[in-house]
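# Observations on the three-dimensional arrangement
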Amino acid sequence: MLHRTSLAALALMATLSTTGAASAFDATKYPDFSGQWKRPAGVATQWDQTKKSGLAQQAPLTPEYQARLEASIADQARGGQGDDARVSCITAGMPRIMTGTRPFELVVLPNVTYVYGEGNMPRRLYTDGRNFPKNEEPSYMGYSIGKWVDANGDGKYDVLEVETRNFKGPRTYENSGMRLHDDNESIIKERFFLDKANSDLLKIEITTIDHALTRPWTITKTFNRERKVMWGEYDCAESNNHVQVGKEYYFLSADGHLMPTRKDQPPPDARYFKAAK
């Protein structure tokens with residue numbers, strides 16, 4: 001494990017070094033999101049933490065996307081990957097990135113809040129009053145605009161509300177292969193806040209508006225704060241033994257040979273290779 005100086009401290013130092021920034025940012029007005037946030041013990045990477053993954057999620061899917069989920073689960077039961085593209089190290093994208101497969105950090109600055117997760121590009125939640133851009137290139141993370149809310153009326157912010165749009169895909173909620181719509185017109189709304197009874201619990205209320213759903217789907221995720229922070233280095237491509245050839249996934253054995261991942265899987269097309277003598 002690698003010790004790492006807090007990204008929050010470094011980012012704040014950089015901000016305060018800018019002319020006038022010290023007077024523009026009063027950290028005491030914002031909630032303390034510092035530290036490392038982890039999934040609670042016993043919670044896996046399912047989308048709704050209170051339910052098991054797959055069909056048990058009872059997602060309000062349209063008939064078409066319910067059928068696609070069932071086909072994905074059936075393919076995985078046969079040894080395939082279904083609709084879960086993470087095996088190829090493609091980024092999880094939004095909203096799945098907020099499952100917190102690995103610990104993450106929140107860095108609050110005057111105009112933007114960063115979500116740093118190991119193995120992924122950081123999310124930027126812009127809070128400077130901007131509008132959604134009209135010509136921004138779509139991305140798996142989307143484009144996020146937020147605003148701070150003083151819900152208690154005590155002069156301090158306690159909730160960060162965020163809306164994210166402008167996606168590309170494919171994107172899924174979890175490893176069952178539960179997909180968002182192929183049109184990528186998703187709208188993701190989030191509310192970040194600390195539990196009133198325990199400030200070491202972070203709550204993220206996430207509402208997904210998507211054409212693969214029959215109605216908006218709202219779930220709440222909970223994360224535990226770790227104050228004695230240690231970070232590990234993670235690279236999805238390192239030691240990834242899954243190999244994609246065309247539309248098929250194979251597995252690289254310890255001796256360097258391709259292996260099938262499901263029964264009766266066809267071998268890869270070798271038309272451009274000469275047969276070994």
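Up top you'll find the structure we're talking about.
Here's a quick rundown of the structure. None of these values were measured; they are calculated from a predicted model.

### Thoughts on the overall build of the protein chain
A count of helical and extended segments in the protein chain gives three helices and twelve strands. Across the 277 residues of the protein chain, 39% fall into the buried class. Taking all contacts inside the protein chain whose residues are at least 6 apart in sequence as the whole, residues at least 24 apart take part in 57%. Element-wise, carbon and sulfur atoms account for 51% of the exposed surface of the protein chain, whose accessible area totals about 15,700 Å². Positive and negative charge centroids in the protein chain, built from 36 and 35 side chains respectively, lie 1 Å apart.

### A look at the pairing of strand S5 (residues 143–149)
Strand residues, when the strand is regular, have side chains that alternate between the two faces of the sheet. Of all seven residues that make up S5, five are buried, and the element is covered over most of its length. As paired strands, strand S4 (residues 123–126) and S5 are joined by two bridges and run parallel to one another. Bridging from a neighbouring strand, leucine 125 pairs with serine 144 of S5. Pairing between S5 and strand S6 (residues 159–165): seven bridges, direction antiparallel. Directly across from lysine 147, in S6, lies its bridge partner glutamate 161.

Definitions and cut-offs
- Residues numbered from 1 in each chain as written.
- Predicted model: local features only at pLDDT ≥ 70, side-chain atom pairs only at ≥ 80, totals over all residues.
- Heavy atoms only, no water.
- Helix = DSSP H or I, 4+ residues; strand = E, 2+ residues; numbered from the N terminus.
- Buried < 20%, exposed > 50% of the residue type's maximum accessible area, 1.4 Å probe, protein only.
- Contact = heavy atoms within 4.5 Å.
- Areas by Shrake-Rupley, 256 points an atom, 1.4 Å probe, with all protein chains shown as cover.
- Lys, Arg positive; Asp, Glu negative; His and termini not counted.
- Charge placed at Lys NZ, Arg CZ, Asp CG, Glu CD.
- Pairing = 2+ DSSP bridges.

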